[in-house]
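Single-letter residue listing:
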Amino acid sequence: MNILITGGLGFIGTNLALSLQKVNQHNVRILDNLSPQIHGVIPAVDARILGLANVEIVRGDVCDQAALKTVLNGIDAVVHLAAETGTAQSMYQISHYNNVNSQATAQLLDLLANTPHSVKKIVLASSRSIYGEGAYECKNHGTVYPAARSAAQLKNHQWDPVCPQCGNSITSIATPEAARPSPASIYAATKYAQEDLIRIAGDSLGIGTAILRFQNVYGAGQSLNNPYTGILSIFSTRIRRGMSLPIFEDGQESRDFVHVSDVVRAIELALLNEAANGGTFNVGAGEPTSVLEIANMLVDAFEGKIRPVVTGQYRLGDIRHCYADLSEIRSKLKFEPQISLKQGIEEFANWVLSQPLPEDGLDKANEELKKRKMMS
Ligand SMILES: NC(=O)c1ccc[n+]([C@@H]2O[C@H](COP(=O)([O-])OP(=O)(O)OC[C@H]3O[C@@H](n4cnc5c(N)ncnc54)[C@H](O)[C@@H]3O)[C@@H](O)[C@H]2O)c1
Ligand SMILES: [Zn+2]
């Protein structure tokens, strides 16, 4: 197959391209604008992706419809990864996020609707952020989906959401795809818009689609420069610099950390399997890990000396808990995560140590949020 990966020089795209060309011997074409926020002002890319016979790299912007049209030539399937990915940053770069994420997807679909092409499949990288808070269990009301925590709740350090019906305490459970989407950031809203655009247009154009909602993806190759995403990157830099790790809330907020090689396998299953067509699938490890726990694991992996510090600070729009219910992808695509968090974090730390030491961008990013009253 001839596969176009938009954003293919990024973290997930590079790992996917390497796997597709090697294991499955597909031809890969990458469209990527080498965004300076990810790749630096003098752009750096993962050297493993360069000089491969069946990987073609085109520098271009997904917002440029002429560039998109050119790279679609001869393509059988598209994996659409190009996106701006900073949740907090999206709250003050609203039209930019909308352009790169939603509008560029619409332009891609316009080309598929109005010009001759050979595309038979589109796989979209969506995000667990479209759920907002994950699913919870109330003793009285069963499965419930609490609203985002209000500014007043956070101010009072009431970290845990409560039952929307009786106000009692609730327990986080695995979130299924059927959960009601409730995007709480512009980033999440644009990812949800991408889902609808691709699902609806794909259906009407007779193109197979698969939508994958990734949890927190980590592993070798993730951007260590982008201060707006990825706590593992931010924390690694601080540990290497001997700086403390400030942990928001009480540290018990949790995320589902999934290794990039598991995510690559999920994309390949969705791409190459007819059973995925028309489907929406969670992709995660299927287990929650608290932020305090992952911070401690990282300190251990780097043999750091300074333990994380719980600060009680918080960011508006952060969720408390969300982890993936994997029933759907297990049953339809036979997907099973394979890398344990311990193994994955050790491998990640070894890779980080082989990389140049970036500047710490956390304090600056947080200052920006405080100035905009999005963090206290
Ligand atoms: N990494 C995660 O934890 C995670 C979680 C959920 C969803 N996702 C989604 O997965 C996808 C890939 O994420 P990633 O972690 O590899 O991100 P990344 O930032 O490492 O890679 C994104 C790539 O897209 C490129 N890009 C950005 N804007 C572009 C544009 N206008 N035109 C062309 N290329 C552009 C960047 O240069 C970069 O190489 C994104 O759509 C993201 O929303 C990622
Ligand atoms: Zn209740």
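Residues numbered from 1 in each chain as written. Chains lettered and ligands numbered in written order. Predicted model: local features only at pLDDT ≥ 70, side-chain atom pairs only at ≥ 80, totals over all residues. Heavy atoms only, no water.

**As for the packing of helix H1 (residues 11–22) against helix H8 (residues 260–272)**
And then number 1: The contact between H1 and H8 brings their axes to 9 Å, and the two run at 60°. Note on packing geometry: the crossing formed by H1 with H8 is right-handed. Contacts from Phe 11, Ile 12, Asn 15, Leu 16, Ser 19 and Leu 20 in H1 reach Val 260, Val 263, Val 264, Ile 267, Glu 268 and Leu 271 in H8.
And then number 2: For the contact of H1 with H8, the per-class residue count stands at nine nonpolar, two polar and one charged. (Axes fitted to C-alpha atoms, helices over the stretch in contact; angles between N-to-C directions. Helix = DSSP H or I, 4+ residues; strand = E, 2+ residues; numbered from the N terminus. Left-handed = near helix turned anticlockwise from the far one by under 90°. Contact = heavy atoms within 4.5 Å. Nonpolar A, V, L, I, M, F, W, Y, C, P; charged D, E, K, R; others polar.)

**Concerning the coordination of the zinc ion (ligand 2)**
And then number 1: Protein ligation of the zinc ion (ligand 2) involves Cys 138 (SG), His 141 (ND1), Cys 163 (SG) and Cys 166 (SG), the donor distances falling in the range 2.1 to 2.3 Å.
And then number 2: Around the zinc ion (ligand 2), the four donor atoms are arranged such that angles at the metal cover 107 to 114°; this shape is classified as tetrahedral.
And then number 3: For the zinc ion (ligand 2), all donor residues lie on one chain, and their spacing in sequence is C-x2-H-x21-C-x2-C. Placement of the pair is His 141 in the loop between strand S6 (136–138) and strand S7 (142–144) and Cys 163 in the loop between helix H5 (151–155) and strand S8 (171–172), with a sequence separation of 22 residues.
And then number 4: Using a relative accessible area of 3% as the deciding quantity, one classes Cys 163 as buried. (Donors = N, O, S within 2.8 Å, 3.2 Å for Na, K, Ca; no water. Tetrahedral: all angles 85-135°; square planar, octahedral: opposite > 155°, others 65-115°. Buried < 20%, exposed > 50% of the residue type's maximum accessible area, 1.4 Å probe, protein only.)

**Let's talk about helix H9 (residues 291–301)**
And then number 1: All of the buried residues along H9 are Val 291, Ile 294, Ala 295, Leu 298 and Val 299. Along the axis of H9, the buried residues cluster in a sector spanning 140°; they form a single face.
And then number 2: Buried residues in H9 make contact with helix H7 (231–240), strand S11 (246–247), strand S12 (254–255), strand S13 (257–259), strand S15 (289–290) and helix H11 (341–353). (Arc of directions from axis to C-beta.)

**Examining the sheet that holds strand S14 (residues 279–283)**
And then number 1: Read across the open sheet, the seven strands follow the order S3-S2-S1-S4-S5-S9-S14; overall the sheet is parallel. On the outer flanks of this sheet lie strand S3 (55–59) and S14, each paired with one strand and no other. Strand after strand, the sheet turns through a mean of 20° between neighbouring axes, direction not considered.
And then number 2: In the sheet, strand S1 (residues 2–6) pairs with strand S2 (residues 27–32) via five bridges, with the strands oriented parallel. Looking at S2, one finds that Ile 5 is bridged to Ile 30.
And then number 3: Across the sheet, helix H6 (residues 186–205) touches strand S4 (77–80), strand S5 (121–127) and strand S9 (208–214), and the angle it forms with S5 is around 160°. (Pairing = 2+ DSSP bridges.)

**Considering the sheet that holds S6**
And then number 1: Reading across from one edge, S7-S6-S8 is the order of the three strands in this open sheet, with antiparallel pairing throughout. Both edges of this open sheet fall to S7 and S8, since each of them pairs with a single strand only.
And then number 2: Judged from the two bridges that link them, S6 and S8 form a sheet pairing that is antiparallel. Bridge pairing links Glu 137 to Thr 171 in S8.

**A closer look at the packing of aromatic side chains**
And then number 1: Tallied over the full model, the rule gives three aromatic pairs.
And then number 2: Lying across the ring of Tyr 92, Arg 372 places its NZ or CZ 3.9 Å from the centre. (Phe/Tyr/Trp six-rings, centres within 6.5 Å; stacked < 30°, edge-to-face > 60°. Lys NZ or Arg CZ within 6 Å of the ring centre and 35° of its normal.)

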